[in-house]
Amino acid sequence: MVDFLNTSLSGLQASQRALATVSHNIANAATEGYSRQRVDFGTRPPEFFGGGFMGTGVQVADVRRIYDTFLAGEVRSGTAGEARLSVFSEMAGRVGDLVGSGGGGLSGGLQAFFDSLQSLANDPASMPVRQTVVGEADALARRIGALDTQLASLQNEVNGRVDASVATINGLAQAIADTNNQIASAPGAANGDFSNDLLDQRDRLLQRLSAEVEVSVVPAAMGTVNVFIGNGQTLVLGKDATALSSGAGGFGPQLREVSVGGAAVTGQLSGGTLGGLLDFQREVLNPVRNDLGRTAVALTESFNAQHRQGLDLAGNFGADFFAVGGPQVLEASGNSGGATVTASIESVSALTGQDYQLQFDGTDYSLVNTGSGQPVALSGTGTPADPLRADGLAIVIAGAPAAGDRFALLPTRSAAADFRRLVDDPAQIAAAFPIRTGASLANTSDAQISSGEVLDAADPDLLTPVTISFLDPNTFQVNGAGAFAFTAGADIDLNGYRLQISGSPVAGDEFTVSPNSGGVGDNRNAQALLGLREAGVLEGGQRSLLQQADTMLASIGSTAAAAQTALQSQSAQLRSTESALQSVSGVNLEEEAANLIRFQQAYEANARVIQVANTTFQSLLAAFR
Amino acid sequence: MRISTQMLYQQGLNGMLDQQARAAKTFEQLATGQRVNRVSDDPAAAARIQELERAVSQQSSYVDNIGRAQQRLAIEENALDAAGTVVRRVRELAVQASTDTTGVEGRRLIAVELRQRLEELTAIGNSQSGEGEFIFSGAQSKTKPFVSDAGAIDYVGDSVQRELLIGPGTTIAEGDTGDSVFMRIRNGNGVVAAAPASGNTGSGVIRPEPGTDTSVYDGSAFTVSFTDPGTFEILDAASNVVGGGSYESGDRIDFNGVRLVINGAPEAGDSFSVAPARFESTFATIAQLADALEQSPSDDAARAGQRQAIDDALAQLDRSEGRLLEVRASVGGRLNTLEDVQASQESVQFSLEKLVSDVRDLDFAEAVSRLQQELFTLQASQQAFTRIQGNSLFNYI
């Protein structure tokens, strides 16, 4: 006979379990990553009696975790994307604010310097004005140096944060491996019953791991999961975790790498804080430092070249005005040959702002643009007389490399750090044109001589005084020698300069070209220096220094803005995925309150049935009494 | 859709945080008065603002340069004006000296004043700008351009004119050099100059008339030589006779495109040389006139020499004054150009500044109403949050 006391007892127990689960849900309502649990009831096996089957009560079939694997995966990848964009847009914004700030920005510094040259062109003889030029040159050098220092400290910050992230990843990977172990070794695992709370805990860990780096999670035997990063490098395999490491790469401590199991994976990691930091370093920080250096190199080269053409207050040729750092060459630690590679900048306008890798295959050299991964055509042989040439660089190889030797070339990475002013004495600013021309006051004709242009400032005879005297209207002598045919207005090239004589000179007319000594009021070289503001010195002559500053700002700005916009949409998307997951897994207290009432009532009803069973039993006993 | 309690809470909270962030941004804009406070606020606008601000600064440096050029040209104009006054006074003195009523003593007194005027003119030539630069010395602006050398005034400056940038690719000369103002003035009639030989005994005085036909004149020198007081012949540079004729005082002699007038009574053997005009400085003109007036002529020949000197000086002073007027006209022209350019550059500057302001600055009315709206929404979400969070079934069991 079916014992309805037992039946109601099963109901009592089932309600109790349900109430326990409800209270577990309520208790964990605010627990992050908690998935609500539900008790599934099932009927106990019926008993056959002559006329049919009789129900025997209820049993707890399962305590189920309400969960959606697909949505959880979406949330993980959304978290990785959001974390990446968050750190990327924050850092890119900081770089933009550095480069673009009115007070400390590159554009403002260049403008102030050129403004001081404008004053010099107005007042070339004035010492206070010359002092201003020296001061502004210093201010510009400090500004560029400060920018580079700030960028370098951002690099240090990136390094520190990468280290921290790697440590976090390692900790989480180990915790996931441990949890895998716990899940697999818990009783019931063999039957496919896993602890809901351990599964939740592992999902929480995976979620936190996703905030550091994008992972792919693959379910494996006994409830465990395997976790892979990058292009499939194993991070967690069952009960074992592999450690990531960060630090000096194959080219030394300056080019750091993140590696797993000894293999560098820096370029393959994506998503999460770590991916964001690495992307920021690759896409923003390095290009900006290179471009800042490139701007400093362009300013130095063009300004020095023009400055060397002019004369200072003492009548001496201008010296180099600025100094700047040269290209860096880093040797791979595994190189077996004895070659030393040096690089120099041959053409500023051909520089790209990219980094390169030079490789020797035993017979030939090849150059790869590190940013794009594309090969770059090389010409030359690498000897000092015929260096390897590419993208404005000249590369000289001394010694014998071995096949497979690699070198990293950073053409302008450290240029800005070493950018400084060289000319100390304001009187040594070369504002004057090196020569001046004149027609003799004893001339008969009104023929005029042009002021001339310098073709070769290095010509040793540039400052040799020259008298052009006419033997007849069509012939002239230079310093009393020779007989040169004269055409009015035609170019006359002498001693590194070019000039023209116009009009109709007659026999006996003399024109002089003399060094511009005492020409303290001459502003022609100052004007030429000022003209460098508009001169296309970069990108094959298409871009001026100030345009370069603008372009840098615009490109950082648009990168930061794109990251910001992407972050907003990614956040919105993540929120909606999280909502969807929460909608499935989250605890609703109203629901739990209702369940509480429901199961309390069920419990009370079952208790009541027990009471009835008792009464029934008592009635039966009383019948025998 | 099923909603979890945590989600309900988080959504309400996120909404409030977002609105708070938006209000904070508007508040920052109001505090600075700028729409774009960081590059990351609006990168496209930030790059544009940087470009525009630089254009404004460039434009203002053009305007500054224009002001400076105006200042320097005004200083030059004053100097030219003063020089003109001196040259006109010297010309008056020369006219006075040329009249027969002025005796030897009178001419000597005139010569004394001429020497003073010469010094005055030299001082004007050595004028300095406010910055202590000599305005007429070209590139050698710290070198005194006009120096006295054995009685003569030499120019030791050069012919380099300083140009200032007054617009994109546009420059203007902010001065003139002393050689063009005072030194390069042709003597004679500007094409040819004539002079009596030093040993002339007669009273002949020669003057090249204006209007030398330069298409005929070949630039060669020749000599008019008197064989007797009524006959002359013309000799070329190699002393070949190439022309001649009879002479009466005041006759015009036309030769080789050159028109010459000889007044007075030349003696046989007197000669006059004619050569292409040379440069003579205003200083030399005045000095030579003073030299001549200091003489006490005792015979006809000496008197003719003095007369020739006064005539030459009068012609030359006209040309010196003419040159000063030419330079002043050119300075005036440049000042007019500067004024025009200034007006246009200033208007460009104004419109650039307006453009910067449009891109960078905040529309306060819009921002204030936006802030109000944001604060209102924030308040509404706060109220909604507390209301929703206050409702729970647990309140009833």
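Criteria and thresholds
Residues numbered from 1 in each chain as written. Chains lettered and ligands numbered in written order. Predicted model: local features only at pLDDT ≥ 70, side-chain atom pairs only at ≥ 80, totals over all residues. Helix = DSSP H or I, 4+ residues; strand = E, 2+ residues; numbered from the N terminus. Rg over C-alpha atoms; globule rule 2.2 N^0.38 Å. Buried ≥ 20, exposed ≤ 12 C-beta atoms within 10 Å, placed from the backbone. Contact = placed C-beta atoms within 7 Å. Pairing = 2+ DSSP bridges. Axes fitted to C-alpha atoms, helices over the stretch in contact; angles between N-to-C directions. Core = buried A, V, L, I, M, F, W, Y, C linked by C-beta atoms within 7 Å. pLDDT = per-residue confidence, 0-100. Nonpolar A, V, L, I, M, F, W, Y, C, P; charged D, E, K, R; others polar. Parallel < 35°, antiparallel > 145°, perpendicular 65-115°, else oblique. Domains from an automatic or database assignment. Expected span 1.5 Å × (residues − 1). Left-handed = near helix turned anticlockwise from the far one by under 90°.

### What to know about the overall build of chain B
- A tally of helices and strands in chain B yields seven helices and 14 strands.
- Its C-alpha atoms give chain B a radius of gyration of 41 Å, clearly above 21 Å, the size a compact globule of 397 residues would have.
- Referenced to the eigenvectors of the C-alpha coordinate spread, the extents of chain B come out at roughly 150 × 45 × 30 Å.
- Evaluated residue by residue, chain B yields a buried proportion of 35% over its 397 residues.
- Long-range pairs, those at least 24 residues apart, make up 69% of the contacts in chain B with a sequence separation of at least 6.

### Here we look at the overall build of chain A
- The number of helices and strands found in chain A is nine helices and 30 strands.
- For 625 residues, the compact-globule formula gives about 25 Å, and the C-alpha radius of gyration of chain A, at 41 Å, lies well above that figure.
- With respect to the principal axes defined by its C-alpha atoms, chain A has extents near 160 × 50 × 35 Å.
- With 625 residues in all, chain A has 43% of them scored as buried.
- Of the contacts formed within chain A by residues at least 6 apart in sequence, a portion of 73% connects residues at least 24 apart.

### Digging into the sheet that holds strand β7 (residues 205-208) of chain B
Residues and elements named next belong to chain B.
- Taken in spatial order, the three strands line up as β7-β12-β11 in an open sheet, and their pairing is antiparallel. Looking at strand neighbours, the two that pair on one side only are β7 and β11 (252-255), the edges of this open sheet. Strand-to-strand, the axes of this sheet are offset by a mean angle of 25°, without reference to chain direction.
- Bridge count for β11 against strand β12 (residues 258-263) is four bridges, and the pairing is antiparallel. Bridging from a neighbouring strand, F255 pairs with V258 of β12.

### Structural notes on unusual backbone geometry
All names here are of chain A.
- One non-glycine residue, M222, lies in positive phi territory at about 55°.
- Looking at the secondary structure, you find M222 in the loop between β5 (215-219) and β6 (225-229).
- Its 16 C-beta neighbours within 10 Å are what place M222 among the partly exposed residues.
- You will see that N495, though not glycine, has its phi angle at about 40°, which is positive.
- Checked against the element boundaries, N495 lands in the loop between β28 (491-494) and β29 (497-502).

### Thoughts on the pairing of strand β27 (residues 481-485) of chain A
Residue and element names in this part refer to chain A.
- With zero of five residues buried, β27 lies mostly on the surface of the structure.
- Direction of pairing for strand β26 (residues 475-478) relative to β27: antiparallel, over a ladder of three bridges. Within β27, the position partnered with T475 by the bridge is A485.
- What sits between the antiparallel neighbours β26 and β27 is a turn of two residues, in which N479 has the positive phi angle 50°.

### Describing the nonpolar core
- Membership of the largest hydrophobic core comes to 186 residues, with the highest contact counts inside it found for V95(A), I176(A) and L289(B).
- Counting residues per element, this core draws most heavily on helix α2 (residues 43-98) of chain B, at 17 residues.
- Not counting residues up to four positions away in its chain, the partners in contact with V95(A) are L154(A), V284(A), L285(A), V288(A) and I556(A).
- Counting 18 residues, the second largest nonpolar core, distinct from the first, contains A194(B), I206(B), I262(B) and A304(B).

### Side note on the confidence of the model for chain A
- Taken as a whole, chain A shows an average pLDDT of 92; of its residues, 99% reach a score of 70 or greater.
- Predicted confidence in chain A is weakest over strand β11 (residues 263-264) of chain A, with a mean pLDDT of 86, and strongest over strand β12 (residues 322-323) of chain A, with 96.

### What about the interface of chain A and chain B?
- With 51 residues of chain A at the interface, the matching set in chain B holds 46 residues.
- For the side of chain A that touches chain B, the element with the highest residue contribution is helix α8 (residues 545-585) of chain A, accounting for twelve residues.
- Per-class residue counts for the side of chain A that touches chain B are 19 nonpolar, 25 polar and seven charged.

### Side note on the sheet that holds β27(A)
Residue and element names in this part refer to chain A.
- Spatially, the five strands line up as an open sheet ordered β22-β30-β25-β26-β27, and their pairing is antiparallel. Whereas interior strands pair on both sides, the edge strands pair on one side only; in this sheet they are β22 (435-439) and β27. Strand-to-strand, the axes of this sheet are offset by a mean angle of 25°, without reference to chain direction.

### Quick notes on the packing of helix α3 (residues 106-122) of chain A against α2(B)
- Taken N-terminus to C-terminus, the directions of α3(A) and α2(B) make an angle of 10°; their axes are 11 Å apart at the nearest point. When the axis of α3(A) is compared with that of α2(B), the two are roughly parallel. The residues of α2(B) that touch α3(A), namely those facing S107(A), Q111(A), D115(A), Q118(A) and N122(A), are Q50(B), R54(B), S57(B), S61(B), N65(B) and R68(B).
- Within the contact of α3(A) with α2(B), the residues separate by chemical class into no nonpolar, eight polar and three charged.

### Description of the domain arrangement of chain B
- For chain B, the domain assignment lists domain 1 (1-33 + 371-397), domain 2 (54-187 + 315-349) and domain 3 (192-277).
- Computed from C-alpha coordinates alone, the two centres of domain 2 of chain B and domain 3 of chain B are separated by 36 Å.

### A word on helix α9 (residues 589-624) of chain A
- Taking 1.5 Å as the rise per residue, α9(A) with 36 residues should run 52 Å; its terminal C-alpha atoms sit 52 Å apart, in good agreement.
- Against α1 (4-27) of chain A lie the buried residues of α9(A).

### Some remarks on the environment of G272(A)
All names here are of chain A.
- The residue G272 is located in helix α6 (residues 272-309) in this model.
- Taking the C-alpha atoms as reference points, G272 and T565, separated by 293 residues in sequence, lie 17 Å from one another.
- Not counting residues within four places of it along the chain, the set of residues in contact with G272 comprises A80, A83, R84, S210, A211, E212, V213 and E214.

### A closer look at the packing of helix α2 (residues 69-100) of chain A against α6(A)
Residue and element names in this part refer to chain A.
- The geometry of α2 relative to α6 is characterised by a closest axis approach of 7 Å and an angle of 30° between their N-to-C directions. Overall, the two elements α2 and α6 adopt an arrangement that is roughly parallel. For α2 against α6, the interelement crossing comes out right-handed. In this structure, α2 uses A80, A83, R84, L85, S86, V87, F88, M91, A92, V95 and V99 to contact α6, whose residues at the interface are G272, T273, G275, G276, L277, D279, F280, V284, L285 and V288.
- Grouping the amino acids of the contact of α2 with α6 by side-chain chemistry returns 14 nonpolar, five polar and two charged.

### Brief notes about the pairing of strand β16 (residues 365-369) of chain A
All names here are of chain A.
- Two strands pair when backbone bridges link them, and strand β15 (residues 356-360) and β16 are joined in this way by five bridges, in the antiparallel orientation. Pairing of Q359 across the sheet is with S366, part of β16.
- Between β15 and β16, which pair antiparallel and follow one another directly, the connecting turn spans four residues, one of which, G362, has a positive phi of 110°.
- Where β16 and strand β17 (residues 375-376) come together, two bridges link them in antiparallel fashion. Paired with L367 across the strands is V376, a residue of β17.
- Here β16 folds back onto β17 in antiparallel fashion, the turn holding five residues, of which G373 has a positive phi close to 75°.

### Some points on the environment of V134(A)
Residue and element names in this part refer to chain A.
- You can see V134 is positioned in helix α4 (residues 127-185).
- On the basis of neighbour counts, which here come to 18 C-beta atoms within 10 Å, the residue V134 falls in the partly exposed class.
- Taking the C-alpha atoms as reference points, V134 and Q428, 294 residues apart in sequence, are found 9.9 Å from one another.
- With near-sequence residues (within four places) excluded, V134 lies in contact with V423 and P426.

### Description of the environment of E76(B)
Residue and element names in this part refer to chain B.
- Looking at the element boundaries, E76 is found in helix α2.
- The exposure class assigned to E76 is buried, which follows from the 22 C-beta atoms found within 10 Å.
- Considered as a pair, E76 and S347 are 271 residues apart in the sequence and their alpha carbons are 28 Å apart.
- Apart from residues lying up to four places away in sequence, E76 is in contact with I135, G175, D176 and V331.

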